[in-house]
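# Descriptive structure summary
Listed below, chain by chain, are the residues.
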Amino acid sequence: KDKEENFLQGNNGYPSIPQTNFKKIPGSPIAYWVSKRVINLFVDKNNLGADFYSSNGVQTGKNELYVRFWNEVNFKKNHKWFPYIKGGPFRKWYGNNSWVVNWENNGNEIRSEKNSCTRGEEYYFQECVSWSDVTSGNLGARYYKEGFLFDASGPACFPLKETSLEMVLGILNSKFSNNVAKLLNPTLHFQSGNFRNIPLIKIENEKFKKIVGECVSFSMKDWDSREISWDFEQSPLLHKSSSLKQAYKNWQTVVTQDFFQLHSNEEELNRIFIDIYGLQDELTAEVALKDITILQDELNVKDLEALEPKFRAESAAGIILPIDKAAVMQQFISYAIGLFMGRYRLDKPGLNIAHPNPTAEELASYDYNNGHVTIDEDAIVPLMGTAANFKDDALYQIQELLDTIWGKDTRTENLNFLQDGLNKDLEKYLVKDFWKYHCKTYKKKPIYWLFSSKKGAFQVLVYMHRMNAFTVEKIRANYLLEHLKNLNAEITALEKDKANLNTQEARKLDQLRKDLLECEEYDMHLKNAADAQITFDLDDGVTENYKLFEDVVAKIK
C-alpha cells in the first residue's frame, strides 16, 4: 500500500534525468540514481584500461581433463602442472591459490582441444592482480606472484605503464570500485572489459603502497597458515608454549591484532579514494567486520554482524573476536593426521611427502621436543578408537603427539582443552566427524581416503599419495583380519558367560555380532579389491581414482 501511494504521489522519483547521461557511462546502463560527480569521472578521467592490460587468459575446453586442485596431483611433476587462477570465493588481497593446470609442453594438449582458447599469452606467468569473475556482492581482488596462468573465472591485469600493482589492487578493493563495478555490470559478473572502464586517478605515494602491502601480508599470512595452501609450513599452534591452551591463546592474540589492523587499513584506503575521487557526500569509509576476509573459517558472519555495534561504539580495544574454537581444533587434528601419514614433519617446515614412492629419508623417524615421532609405515591409520585394538589408531597417535609437543605431564590438560574446543569427545569426533570435515576442507577431493565397511564397524584412513597395488591387501591382512579375530574373541568371551550378562553387556554382545557380520561382508569386497591390485595415476584426479575403489570406500560427503 505504501509503495502504491508513493507512486501515485510521485514521491522518491528522479525527475529531469537526461537520457544522454546514460551514454556517458560505458555500456549505457540506465543508471538514473548516479550523481553528476560520478558521471563526470567517466567523462573527465582516464580509465584502468589506459594503464593496465586485462585478459581472460586460458580456456582449456575441458576443465575436467586439464584442471586439478593442487593437492590432487603428484607435487613433484612441476614440468606438467602449473599454478592456475580460477577466481573462487570472495577474498581480498591474497589467496584462492588452489588450482593447477596441465601446461606440459607449453600447453600442447590444451591447444589441440576444439573449444580451447589462449588469450594474452605474452602476459602468462607474470606478476598480476586478479579477481573472481562471479561475485555474490562485493568485488575482491588479489595479488599473485610470478608463475601463474589464469582463465575467465579469474581474469588478470598487468601494468602497461609506470604504474604499480599496489595501485590497482588498492582501487579494486575500495568502496569506490565496488560501487562502480555494480554500475558497469549489474549482474553477478565483473569481467575483463568492466575492469578496463573503471575511472582512474593515479596515486603512487609511499604511504599508500605501504598500506596495500600490509593488507597483502596479513592475507598471505592467513592463507598460508592453512594446509590448503601449497606454502603451508606447520600448524600455527606450534610455537613456544607450555600447553595447547597457551598455544591457542598466543595464536588468538596475534590473529586478533592482524584482523583489526587489516580492518583499519581498509578503512584508511577508502578514505584516500573517497578523497581523491571527491565522493565525500556519497560514500563512507566504513568497512563492515564481516567483509574482512581473513579468518573466514574461524569467524561466523552472523557473529560479526552482532559484534558490529559494540565495535563502532568502543573501537577495537578490548573487543574479543568471536572465534570458533572448534574450527581451530579441527585444523590441528587434520595437521596431526598429516604428520602420521608423513605429509608433514614436526622437524621440517612444509610438505614432506606429496608424491608416490617416498624415499627412506622422507619416511625416517625423528626426535622432537619431548619424544620420538614415527611416520606410519604403510600410510594406513585406523579410525575406530577403543572399538578396535590397534596401537596406531588416530586416537592414540594424537594423544602421543600431544605428549611429544607439550610433555606427558600436560596430557590430561591438553586433551581436556582439545575436547572442550571441539565440544565433543575426541574419539567420537575422529570416528564420526573427521571424514566429513576432511571432505569439506578439500572440496570433495580428499587426499586421505576412508576405507570403510557399510556402517563404519571397520574404517581406516589411507594417504592416497602413498598408495600402491598392495595397499588394499595390507589393509585386509594387517587390519581387517586382525579386527575380525578380535571381534570373534570378544564375542566368544561374552557368550561363555551369557547367562550372567547384565543389560549393558548383553547390548554389547548384540552390537559385536552385528559388527562381525558387517565386517565379514566387507571382507569379501575388500578381498576382491586386494586381488585386483588396483593402481592409478594421481594426475587423473580424485574423482576418477576414487571410483576405482567404490565398493570398499566411504562416500565422499
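Residues numbered from 1 in each chain as written. Predicted model: local features only at pLDDT ≥ 70, side-chain atom pairs only at ≥ 80, totals over all residues. Heavy atoms only, no water.

### Observations concerning the overall build of the protein
On a plain count of helices and strands, the protein comes out with 20 helices and 17 strands. Counted over contacts in the protein with a minimum sequence separation of 6, partners at least 24 positions apart contribute 70%. Carbon and sulfur atoms provide 48% of the accessible area of the protein, an area that totals close to 26700 Å². If the 69 positive side-chain charges of the protein are averaged to one point and the 78 negative ones to another, these points end up 3 Å apart. (Helix = DSSP H or I, 4+ residues; strand = E, 2+ residues; numbered from the N terminus. Contact = heavy atoms within 4.5 Å. Areas by Shrake-Rupley, 256 points an atom, 1.4 Å probe, with all protein chains shown as cover. Lys, Arg positive; Asp, Glu negative; His and termini not counted. Charge placed at Lys NZ, Arg CZ, Asp CG, Glu CD.)

### Digging into the layout of surface pockets
The volume enclosed by the largest pocket comes to roughly 900 Å³. Contributing to the lining of the largest pocket are 33 residues, with R226, I228, D297, K440 and T441 lying nearest its centre. Only helix 10 (206-224), helix 13 (325-341) and helix 17 (426-441) provide two or more residues apiece to the lining of the largest pocket. The dominant element in the lining of the largest pocket, judged by the number of residues it contributes, is helix 13, at 7 residues. The residue inventory of the lining of the largest pocket, partitioned by class, reads 14 nonpolar, 10 polar and 9 charged. (1 Å grid on protein atoms, 1.4 Å probe; cavity = no way out; pocket = protein on both sides within 12 Å on 5 of 7 lines; lining within 4 Å. Points joined across faces, edges and corners; volume = space filled by probe spheres on them. Nonpolar A, V, L, I, M, F, W, Y, C, P; charged D, E, K, R; others polar.)

### Some details on the side chain of H465
Within the fold, H465 resides in the loop between strand 17 (459-463) and helix 18 (471-496). A relative accessible area of 1% places H465 in the buried class. Engagement of the side chain of H465 in a polar contact is seen with the backbone oxygen of N71, the distance being 3.4 Å. Engagement of the side chain of H465 in a polar contact is seen with the backbone oxygen of V73, the distance being 3.1 Å. Not counting chain neighbours up to four residues away, the residues in contact with H465 comprise N71, E72, V73, R343, A354, H355, P356, I447 and L538. (Buried < 20%, exposed > 50% of the residue type's maximum accessible area, 1.4 Å probe, protein only. Polar contact = N/O pair within 3.5 Å; in protein donor to acceptor, adjacent residues only side chain to side chain.)

### Some words on the environment of L41
Inspection of the secondary structure assignment puts L41 in helix 3 (residues 36-44). For the pair L41 and Y144, spaced 103 residues apart in sequence, the C-alpha separation works out to 29 Å. Sequence-distant contacts of L41, defined by excluding residues within four places in its chain, comprise F176, P199, I201 and Y277.

### Comments concerning the packing of aromatic side chains
Across all of its chains, the model carries 35 aromatic pairs by this definition. Taking the centre distance of 5.7 Å and the plane angle of 85° together, the rings of F208 and F273 count as edge-to-face. Of this pair, F208 sits in helix 10 while F273 sits in helix 11 (residues 244-276), placing them 65 residues apart in sequence. With a centroid separation of 5.2 Å and an interplanar angle of 70°, the aromatic rings of F232 and Y344 are classed as edge-to-face. Here the residue F232 occupies a position in the loop between helix 10 and helix 11, and Y344 occupies one in the loop between helix 13 and helix 14 (360-363), the gap between them amounting to 112 residues. Overall, Y344 belongs to the buried group, its relative accessible area being 1%. (Phe/Tyr/Trp six-rings, centres within 6.5 Å; stacked < 30°, edge-to-face > 60°.)

### Here's the deal with empty space enclosed by the protein
Scanning all chains against the criterion turns up 1 cavity of 30 Å³ or more. For the largest cavity, the calculated volume is near 60 Å³. Surrounding the largest cavity, F69, W70, N71, S98, I228, T441, Y442 and K443 form its lining.

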